[in-house]
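# Close look at the chain arrangement
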Amino acid sequence: MFHYVLEGNVLRHVSKYAVKEARIVGRKALKVVYDIPVERVRGKDVYEFRFSSSGGFTAVKFSPSELLEGGEGGSVSMQEVQALEFEVERDEVRELVREILERYGPMVDEINSFRKGMNISVRTSERVGDYLKDLKYGLAGSLCNWPEETRVDSLEQTSRLLYQLWTLKTTHEALGAVRVERGWLAEQGSKYPASVFVDDRDDYWTCWFEPQRVKRAPRGYKGPLTPLFERKIAWRRPTIVIARGRHDSLTDVQKFDILIECRNLPFGRWWRDGKVVREHFLPCKALFQPGTFIIASMKPVPDWAKSEMHEEGLFVVDEFYPGGKGLSQFKKLIRPET
């Protein structure tokens, strides 16, 4: 739970009013107790944001009298949450919020338009679901975290998943999807498909969302190995994997046609001096052996890095976002004949 004091229409964290705080480490969570003089919050509403174990959040508002008398408070509607602003101190948080509004807003619109057109539901985390309901409501669920570094973590984690969902949507469109058999299951690590759909040629395609593959390391494998089973077993979890045909499980597939790795952060955040290639991209390629391996980056990637990855059979598409220059290149790689 996190508590904020309303100043006008701006929510300010209660720590700003405290004269003392105490941290208590419990069995399940850290509890912070703030010592706040009553006169500092007298006449002000206080909002309490509560998170469930699955990530969803609700808001409760306490009037000044309820606060002083120990009342239970009243529930807050989505519309009221949308109208509130959170006080932000760090430029990093402001920049992430700006980017989500400008760059991810169109992604959310496209995802919602696609699922409405296909008449499908999307089963994903509650946090991501809040963003799909309404962008400002989703942002509130990230910005109500405290301290500010936890806001950064929440914004980055959620934007990563939104980018992956938008890439999944764009892949459906690039392959000419005309009917999705059931709703999307965006469940990380599952062997079951995220989507099964039919294209405009009446062919089936099956997609997995961050599937986890565990198998005996193939000959020549140079990636990480698990310490179990005499270090002979490898496992990787790519972003999206696609196979022609209709499949019920990852283990049913003999050949994977496309593997997509999504990267929404700046190049320097994920490149790690090329370790990402050696320790993740190439191991994924060895374990799944896709016909086409695409790295979809929202931010620019230097030409020298593209060349290095291309030599390894990895195709890089950068500036890949709604209206970005990488959109047409991505579609050509997904379906070369179009």
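Up top is the structure.
None of the values given here were measured: they were computed from a predicted structure. (Residues numbered from 1 in each chain as written. Predicted model: local features only at pLDDT ≥ 70, side-chain atom pairs only at ≥ 80, totals over all residues. Heavy atoms only, no water.)

For the rest of this paragraph, the subject is the overall build of the chain. From N to C terminus, the chain includes 11 helices and 19 strands. With the principal axes as the frame, the chain shows a C-alpha extent of 70 × 50 × 40 Å. Across the 338 residues of the chain, 48% fall into the buried class. Considering only residue pairs separated by 6 or more positions, the chain has 58% of its internal contacts joining residues 24 or more positions apart. On the chain, roughly 17,200 Å² of surface is accessible, and the fraction owed to carbon and sulfur atoms is 48%. Averaging the positions of the 53 positive and the 49 negative side-chain charges in the chain gives two centres separated by 5 Å. (Helix = DSSP H or I, 4+ residues; strand = E, 2+ residues; numbered from the N terminus. Buried < 20%, exposed > 50% of the residue type's maximum accessible area, 1.4 Å probe, protein only. Contact = heavy atoms within 4.5 Å. Areas by Shrake-Rupley, 256 points an atom, 1.4 Å probe, with all protein chains shown as cover. Lys, Arg positive; Asp, Glu negative; His and termini not counted. Charge placed at Lys NZ, Arg CZ, Asp CG, Glu CD.)

For the rest of this paragraph, the subject is the packing of aromatic side chains. Summed over all chains, the structure comprises 22 aromatic pairs. Summarising the aromatic geometry, the rings of F281 and F293 are spaced 6.1 Å apart at their centres and angled 65° between planes, so their arrangement reads as edge-to-face. In this pair, F281 sits in helix α9 (residues 275–288) while F293 sits in strand β18 (residues 292–297), placing the two residues 12 residues apart along the sequence. Overall, F281 belongs to the buried group, its relative accessible area being 0%. (Phe/Tyr/Trp six-rings, centres within 6.5 Å; stacked < 30°, edge-to-face > 60°.)

With that settled, the discussion passes to the layout of surface pockets. Considered as a void within the structure, the largest pocket measures approximately 960 Å³ in volume. If you trace the largest pocket, you find 27 residues lining it, with M1, F2, H3, V32 and Y34 closest to the centre. If you list the elements that add at least two residues to the lining of the largest pocket, you get β1 (2–7), β3 (20–25), β4 (30–35), α1 (38–41), β5 (46–51) and α2 (64–69). If you tally residues by element for the lining of the largest pocket, the top one is β4, at five residues. When the residues that make up the lining of the largest pocket are grouped by side-chain class, the tally is 19 nonpolar, three polar and five charged. (1 Å grid on protein atoms, 1.4 Å probe; cavity = no way out; pocket = protein on both sides within 12 Å on 5 of 7 lines; lining within 4 Å. Points joined across faces, edges and corners; volume = space filled by probe spheres on them. Nonpolar A, V, L, I, M, F, W, Y, C, P; charged D, E, K, R; others polar.)

Ordered by their spatial adjacency, six strands build an open sheet running β7-β6-β5-β1-β2-β8, and the pairing between neighbours is mixed. Looking at the sheet topology across the chains shown, the edges are occupied by β7 (74–75) and β8 (85–86). With two bridges connecting them, strand β2 (residues 10–13) and β8 associate as parallel partners. For V10, the partnering residue across the bridge sits in β8 and is E85. (Pairing = 2+ DSSP bridges.)

To describe two helices that pack against each other, one gives the angle between their axes and the distance between the axes. One way to put it is that helix α4 (residues 91–118) packs onto helix α6 (residues 135–143) with a least axis distance of 11 Å and a crossing angle of 145°. Seen from above, α4 lies across α6 with right-handed handedness. Together, V93, V97, I100, L101, G105 and V108 of α4 and L135, L139 and L143 of α6 make up the contact between the two elements. Considering only residue class, the contact of α4 with α6 consists of eight nonpolar, one polar and no charged. (Axes fitted to C-alpha atoms, helices over the stretch in contact; angles between N-to-C directions. Left-handed = near helix turned anticlockwise from the far one by under 90°.)

With that out of the way, let us pick up the nonpolar core. Ranked by internal contacts, the top residues of the largest apolar core, which has 68 residues, are F49, L155, Y163, L165 and I260. Discounting residues that sit within four places of it in the chain, L155 has contacts with V93, L96, V97, I100, Y131, L139, S142 and L143. Ranked by size, the runner-up nonpolar core spans 23 residues in total, among them V241, L259, V276 and F288. (Core = buried A, V, L, I, M, F, W, Y, C linked by side-chain atoms within 4.5 Å.)

If you trace the seven strands from one edge of the open sheet to the other, you get β10-β12-β13-β16-β17-β18-β19, paired in mixed fashion. The sheet is open, and its two borders are formed by β10 (177–180) and β19 (315–317), each paired with just one other strand. Averaged over all pairs of adjacent strands, the angle between their axes in this sheet comes to 25°, without regard to strand direction. As judged from the four bridges shared by strand β12 (residues 195–199) and strand β13 (residues 204–209), these two strands associate in the antiparallel manner.

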